[in-house]
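# A closer look at the structure
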Amino acid sequence: MSKSIRWGILAAGLGIAAVAKASPEHGGWTSRRPTGLETPVPLASLPKQLVDGSVDPRAFGVQDYTITVLSGTQFRSSGCFFTDPATLSDVCYCDNCPEPDHTYTTLDVPAGAIIDFIGVNNQTNIEGSLGMTLHFRDHLGGSAQLVALTFPAHEGFVTDFGGPLGILVPDHKDRAFILDVERAAADGAQTYLGYVEVWWRRTVSEPPATPSFGDVPTSHPFYQFIEALAKSGITGGCGSGANYCPDAPLTRGQMAVFLSKALGLHWPN
Amino acid sequence: MKTRSGSVFLVAAALLVSSAVRAQSYGDQSQVLTVGVSQFRGVAGSPSTIESDYYLYNQVPGSYYYYLAPLALPEGALIESVCLFGRDTDDEFLFYVQAYLFANKLVPLGEAPAALQVPGSSAFSSGSAGYGSWCSEPMSYTLRARLDVDADGTVDDAVHYVGLFLPHSISGLLAFGGVKITWKRQVSPAPSAPTFGDVPESHPFSRFIEALAASGITGGCGDGSNYCPNAALTRGQMAVFLAKALGLHWVE
């Protein structure tokens, strides 16, 4: 089976398509319309926040997607890394290389977020003969990758999307993530990784099985949210701490405690 | 190709503990910032090529590599420990990988640079166990952008980094995979002069109300000289607090 045919099958199987030619919109980023999705999504309803991967992505709320962009300069390669100053891309030149090249970076997405789309912008000099795989993994105790995607390679920088993926980002404490892009070995190949974009949104944790407070049973309409505050150390309840008093009015003073603890407010003094 | 790449991933999955999600949990809980090897830059010619197992190796006899990564934690973060992930097959204890935190003074043109290693933040690899993680002693360091880096009695502007030392070992193999920093958010101590007349230093919520004021989230009640800590919060006021605190912003 030829490589190009295999990619076609994989791409179809994973619901990946999206061939959007580079355009000057979004300050030079290419068009970001995902196509071939299971449920077509209107473009206008998708992009909400754009953050660079080098900064803390701090879009708040549970609105539609925050987009973390990981530029080529943030990737490190196993074999042939250097950065092309003209395109700010991670470049791999491959002559008689026996192994595929892996280039990877770390991903900053908060725990509890849902990752829905991953886009890869790349170009190659051998149309149809180079592929990229994107690996997003959880490495706790050698656990397996969360998703593997296959993207076609192109002449000219093109962004392809995979999704919707519906990946729930697990707890950070004992887990770590890697975004790994594999560039296949092929003689004379010259591959550029422009950037990877990750579309994610925040969620509030699912509630625990056992209530923390006597007056907030699992059936309480705000159960999930009150438990989220308690588990995050933002509230210790009211009175002795056995209850939360969900219907008591909040004073402005209490509000200050909630907010400053939630955000760890700290100022240069 | 598929088989070969598959085996690479199996090895990586079994051994890899670097890589990172920048921890962004909220609230008063300990959390972990993992600074993966891809975030580090080589200093003075130290090569930045990683191996396919996601580790940096030093295989050049007689050489010493240095790497840096920015420490992306918020002002006031309380750092509780620093752990190093790496590989050390050298049981001679002569060569080891070392990770540490330091603050670099931002100096005006013409002034001498200065750096301060964060006390207790060093983690050393040791032993012949191969892949492993090694941690500093438990520590308690509050990250501040303003501190006296060169101990001259004047507070400086500073930026914090993770530093890494990766020598070549003549009796084993040393490699670096990443750094894991345990930290938690904390609320500033209250200032010496209260901001609001009705929230003196002795008020149980003084520290928290001062934090809101200093962060620009509240301007007090009425003419702004008081905070009215015991007044009931309306849903409208709640909207202002939340929207300002989180800088809520959306794109049409």
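Residues numbered from 1 in each chain as written. Chains lettered and ligands numbered in written order. Predicted model: local features only at pLDDT ≥ 70, side-chain atom pairs only at ≥ 80, totals over all residues.

This part takes up the overall build of chain A. Of the regular secondary structure elements, chain A holds 3 helices and 14 strands. Every one of the 269 residues in chain A was classed for burial, and the buried ones make up 44%. By sequence separation, contacts in chain A at least 24 residues apart represent 65% of the contacts at least 6 residues apart. (Helix = DSSP H or I, 4+ residues; strand = E, 2+ residues; numbered from the N terminus. Buried ≥ 20, exposed ≤ 12 C-beta atoms within 10 Å, placed from the backbone. Contact = placed C-beta atoms within 7 Å.)

The helix and strand inventory of chain B stands at 3 helices and 13 strands. For chain B, with 252 residues in total, the buried portion stands at 36%.

By the burial criterion, the buried members of helix α2 (residues 223-231) of chain A are Ile-226, Glu-227, Ala-228, Leu-229 and Ala-230 of chain A. With its phi angle positive at about 80°, Gly-233 of chain A sits one or two positions after the end of α2 of chain A.

Turning our attention to helix α3 (residues 235-246) of chain B. Over its 12 residues, α3 of chain B runs 16 Å from end to end, which matches the ideal 16 Å to within 8%, given 1.5 Å per residue. Within two residues after α3 of chain B, Gly-247 of chain B carries a phi angle of roughly 55°, on the positive side. (Expected span 1.5 Å × (residues − 1).)

What follows deals with the environment of Phe-117 of chain A. Residue and element names in this part refer to chain A. By the element assignment, Phe-117 lies in strand β8 (residues 114-124). Residue classification places Phe-117 among the buried positions, given that 21 C-beta atoms sit within 10 Å. Residues Phe-117 and Gly-163, 46 residues apart in the sequence, show an inter-C-alpha distance of 4.7 Å.

Two elements in contact, helix α3 (residues 252-263) of chain A and helix α2 (residues 206-214) of chain B, have axes whose closest approach is 8 Å; the angle formed by their N-to-C orientations is 70°. Here α3 of chain A is positioned roughly perpendicular relative to α2 of chain B, judged by the angle of their axes. Contacts from Gly-253, Ala-256, Val-257, Leu-259 and Ser-260 of chain A of α3 of chain A reach α2 of chain B at Phe-208, Ile-209, Ala-211 and Leu-212 of chain B. The residue inventory of the contact of α3 of chain A with α2 of chain B, partitioned by class, reads 7 nonpolar, 2 polar and no charged. (Axes fitted to C-alpha atoms, helices over the stretch in contact; angles between N-to-C directions. Parallel < 35°, antiparallel > 145°, perpendicular 65-115°, else oblique. Nonpolar A, V, L, I, M, F, W, Y, C, P; charged D, E, K, R; others polar.)

The next point concerns the nonpolar core. Ranked by size, the top nonpolar core spans 66 residues in total, and within it Val-198 of chain A together with Ala-99, Val-162, Leu-166 and Phe-176 of chain B carry the most contacts. Here this core gets 7 residues from one element, more than from any other, and that element is strand β14 (residues 189-201) of chain A. (Core = buried A, V, L, I, M, F, W, Y, C linked by C-beta atoms within 7 Å.)

Right, let's get into the pairing of strand β6 (residues 89-94) of chain A. Residue and element names in this part refer to chain A. Pairing of strand β5 (residues 82-84) with β6 involves 3 bridges; the strand directions are antiparallel. Each bridged residue has a counterpart across the sheet, and for Phe-82 the counterpart in β6 is Val-91. Hairpin remark: β5 followed by β6, antiparallel, with 4 residues in the connecting loop; positive phi at Leu-88, about 55°. Relative to β14, β6 runs antiparallel, the two sharing 5 bridges. Counted as the bridge partner of Cys-94 is Ala-189 from β14. (Pairing = 2+ DSSP bridges.)

Glancing now at the pairing of strand β4 (residues 64-70) of chain B. Residue and element names in this part refer to chain B. Where burial is concerned, the two faces of β4 differ: the one with Tyr-65, Tyr-67 and Ala-69 is buried and the one with Tyr-64, Tyr-66, Leu-68 and Pro-70 is not. Taken together, the 3 bridges between strand β2 (residues 41-43) and β4 define a ladder with antiparallel strand orientation. Note that in β4 the partner of Arg-41 across the bridge is Leu-68. Pairing geometry for β4 and strand β12 (residues 156-167), over 7 bridges, is antiparallel. What sits directly across from Tyr-66, in β12, is Phe-165.

Quick look at the environment of Ser-232 of chain A now. All names here are of chain A. Mapped onto the secondary structure, Ser-232 falls in the loop between α2 and α3. A count of 16 C-beta atoms within 10 Å places Ser-232 in the partly exposed class. A sequence separation of 28 residues divides Ser-232 from Ser-260, and the C-alpha atoms of the two residues are 13 Å apart.

As a further point, take unusual backbone geometry. In this model, Cys-245 of chain A sits at a positive phi of 55°, which is unusual for a non-glycine residue. Along the polypeptide, Cys-245 of chain A turns up in the loop between α2 and α3. For Ala-151 of chain B, which is not a glycine, the phi torsion comes out positive at approximately 55°. Take Ala-151 of chain B: it is sitting in the loop between β11 (146-147) and β12.

Residues and elements named next belong to chain B. Mean pLDDT over chain B works out to 82, with 88% of the residues at or above the 70 mark. Across chain B, strand β10 (residues 141-142) holds the top mean pLDDT of 95, while helix α1 (residues 2-15) sits lowest at 27. Every residue in residues 1-23 is under pLDDT 50, and counting partners more than four places away or in other chains gives 66 contacts. Confidence metrics for the complex model read pTM 0.73 and ipTM 0.70. (pLDDT = per-residue confidence, 0-100.)

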